[in-house]
Amino acid sequence: MDLKLSGAQATAAERAAIDALFGAPESRWEGGHRADAADSRSARTGHAQRARRHLLLPALHAVQDAIGHVSRGAVDYIALRLTVPPAEIYGVASFYALFEMSPAPATVAHVCDDIGCMARGANELIESLERECGPEGSPCANGRGAWKRSPCLGLCEKAPAVLVRRAGEGRADATIAPATAAQVAAELQGEPATARVMDSVRQKGEPHLRLLSRVGVVNPASLHDYQSHGGFAALAHAFTIGPEGVVREVTDAKLVGRGGAAFPTGIKWGAVLQAHALPHHVVCNADESEPGTFKDRVLMEEDPFAVIEAMTLAGYATGSTQGWLYVRGEYPEAYAALAHAIAESRRAGFLGEEVMGQHGFSFDIELRKGAGAYICGEETALFNSIEGYRGEPRNKPPFPVHEGLFGKPTAINNVETLVNALEIVRDGAAAYAATGTEGSRGTKLFCVAGCVERPGLYELPFGATLRELMALAGGVSGGRALQAVLLGGAAGSFVTAEDLDVPLTFEGTRAIGASLGSGVVMAFDDTVDMRAIVRRIARFFRDESCGQCVPCRVGTVRQEEALARMCAREAHGAGGPGSGHDQDVLLDDLDRAMRDASICGLGHTAAVAVQSAVRKLKLFGGVAK
């Protein structure tokens, strides 16, 4: 197979990083000693080589972590090791925002300028960085680092937030939240000043706490501590009722997905269990990238063994032997906590061959790190990312329960959904369903951020009102007036003070034309420029569109342009550029086209928040339908 290599040579550091992942080359065909230059043009093919393509993303991370960017020499060397053409590897690497494709400083600070941080000082932080460290992307004076703007980092309750990416031996990524310009400048000048206090959970010891009952109570690094607080009891009980019993309990509890789609979990698990094709897979979607969302991050960092137990439970219920845990690349602390939990669980017999001594059931988990692509939260895009391809969504059907990861039956759920299953199996479906409403059973995690006194993660039974949740968070900060609340994240809707008594249920929010989405509740007071917030949402969708389908690729750009013209019209008065009516019609047409013709949910929901802002908040002078 002619790989068409560029001829660039990998450095010793790059080769060492890649070999640490793959092992040393066994022959000249995959980058070992070569007798002559012609041998570097070809590599052997075969099933064994192609079956390793799923290691492409870890290989790119290994190079990035070693030298700070993905060079042409590294691409060629990975191509030899995996028998994948360099052009395909470049196409994958350049798809992700966290991979640098040209030489970059050893330290890069990604400064969040998304909506949550905008409401809590991000613009002021960026202005200070421009004064102290120079323009975005340029090396900091007297230092070796640079800073750049970033979409949401999932640290909204600690805004403004910064992700510090460090390359080189012994260096690890970290986060600073809340961040100051002085802290970031110190990082860029080689003086680590990382500081983040994990106190985002505001509820302690309340009887309705289920998912958060261990958070802030157990030592997240201690398997013994986890077991002493009920850990692995649900899995032990699952072995007594069998896979069909687990599926029945989850179905009877009416557990639905907590990522926004609200698909019944029991139906999904049952379909995979009954699928004839083997093997089956379980995937935990922890690529939590919806602006304003941080619930899964808290569970992964503060209760990582629960995530491992829940995935193993799902594996048992679906007849799977392999799990894949895909964590967003902006969560270094969560990744480290999960890696430790997996290693400890494997050592103690909770993962691997014959889990907990259960004859005939083996299950293990492979941890994967994303690289900065919101679209990879879409389930089929996530499959492609794991398999070593660009994170572009697939057409459906076929659905994942029939043809998912590696073309095999796959159960995919997010962290919150999986952890819910532990309580259901341990205590029974009836006890679980006793909380909540007829259409929304159990409790829900809400990510409260923005202009509130006590931003953080809150757990409430379904049916509590938005007003009650806002009161728990201390109300609007500084006693100011509430201008709007964004429900469900960037793909959600804006509501106003007149909607505060809406029940926080799937059916309750649906009745007012909104949705719970991923559990985002982001408040904005009367000092926030809501036009800037809405335009930032539009820019987010423009940037995060994978570009695979025309309606989304073009529609997200045209939507942002229309909003810019509407703002210009308001700034210049009636005589300004752009007819108000024409722009309203264009926004409606774009919404309809993206909703009806896009391949995946990103395009379907890219205009939802914009439409609600025009309609509900009366922004831009528009009257969109």
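Preceding block: the structure.
As the structure is a computational prediction, the values presented were derived from the model and not from experiment.

1. Notes on the overall build of the chain
No. 1: Counting secondary structure elements, the chain contains 24 helices and 13 strands.
No. 2: Computed over C-alpha atoms, the radius of gyration of the chain comes to 24 Å, within 12% of the 25 Å expected from 2.2 N^0.38 for 625 residues, which places it in the range of a compact globule.
No. 3: The principal-axis extent of the C-alpha atoms belonging to the chain is close to 75 × 60 × 45 Å.
No. 4: The burial tally for the chain puts 59% of its 625 residues in the buried class.

2. As for the pattern of salt bridges
No. 1: In the structure shown here, the tally under the stated rule is 39 salt bridges.
No. 2: Close ionic contact of Asp 543 with Arg 542 constitutes a salt bridge, the shortest N to O distance being 2.7 Å.
No. 3: Residue Asp 543 is classed as partly exposed on the basis of its relative accessible area, which comes to 42%.
No. 4: Judged by relative accessible area, Arg 542 falls into the partly exposed class, the value being 31%.
No. 5: Each of Asp 113, Asp 114, Glu 136, Arg 149, Arg 536 and Arg 539 takes part in a single network of salt bridges with overlapping partners.

3. With respect to helix 16 (residues 415–427)
No. 1: Over its 13 residues, helix 16 runs 19 Å from end to end, which matches the ideal 18 Å to within 8%, given 1.5 Å per residue.
No. 2: Considered for burial, the residues of helix 16 that qualify are Val 415, Glu 416, Thr 417, Leu 418, Val 419, Asn 420, Ala 421, Leu 422, Glu 423, Ile 424 and Val 425.
No. 3: The positive-phi residue at the C-terminal boundary of helix 16 is Gly 428, with phi of around 100 degrees.

4. Overview of the sheet that holds strand 5 (residues 280–286)
No. 1: In space, the four strands of this open sheet follow the order 7-6-5-8, with parallel pairing throughout. The strands lining the two open edges of the sheet, one partner per strand, are strand 7 (364–369) and strand 8 (410–414). Put simply, the sheet's adjacent strands are angled 20 degrees from each other on average, direction ignored.
No. 2: Here strand 5 pairs with strand 6 (residues 320–327) via seven bridges, running parallel. Paired with His 281 across the strands is Gln 322, a residue of strand 6.
No. 3: Contacts from helix 14 (residues 332–347) reach strand 6 and strand 7 within the one sheet, and its direction differs from that of strand 7 by about 165 degrees.

About the cut-offs
- The written sequence of each chain sets the order in which its residues are numbered from 1.
- Totals for whole chains, interfaces and linings use every residue, but because this is a predicted model, local features are given only for residues with pLDDT of at least 70 and side-chain atom pairs only at 80 or more, for both listing and counting.
- In computing side-chain properties, one takes all heavy atoms of the structure into account and sets aside hydrogens as well as water.
- Numbered from the N terminus, helices here are DSSP runs of H or I no shorter than four residues, and strands are runs of E no shorter than two.
- C-alpha atoms define the radius of gyration, and 2.2 Å times the number of residues to the power 0.38 defines the globule rule.
- Residue burial is assigned from relative accessible area. The probe radius is 1.4 Å, only protein chains are included, and a residue is buried under 20% of its type maximum, exposed over 50%, and partly exposed in between.
- One side-chain nitrogen of Lys or Arg within 4 Å of one carboxyl oxygen of Asp or Glu is enough to make a salt bridge.
- Under the convention used throughout, the expected extent of a helix is 1.5 Å for every residue step, that is, one less than its residue count.
- Two strands qualify as a pair provided DSSP detects at least 2 bridges between them.
- To obtain an axis, a line is fitted to C-alpha atoms, over the contacting stretch when the element is a helix, and the angle between two such axes runs from 0 to 180 degrees between their N-to-C directions.
- Contact definition: two residues touch when any of their heavy atoms are within 4.5 Å.

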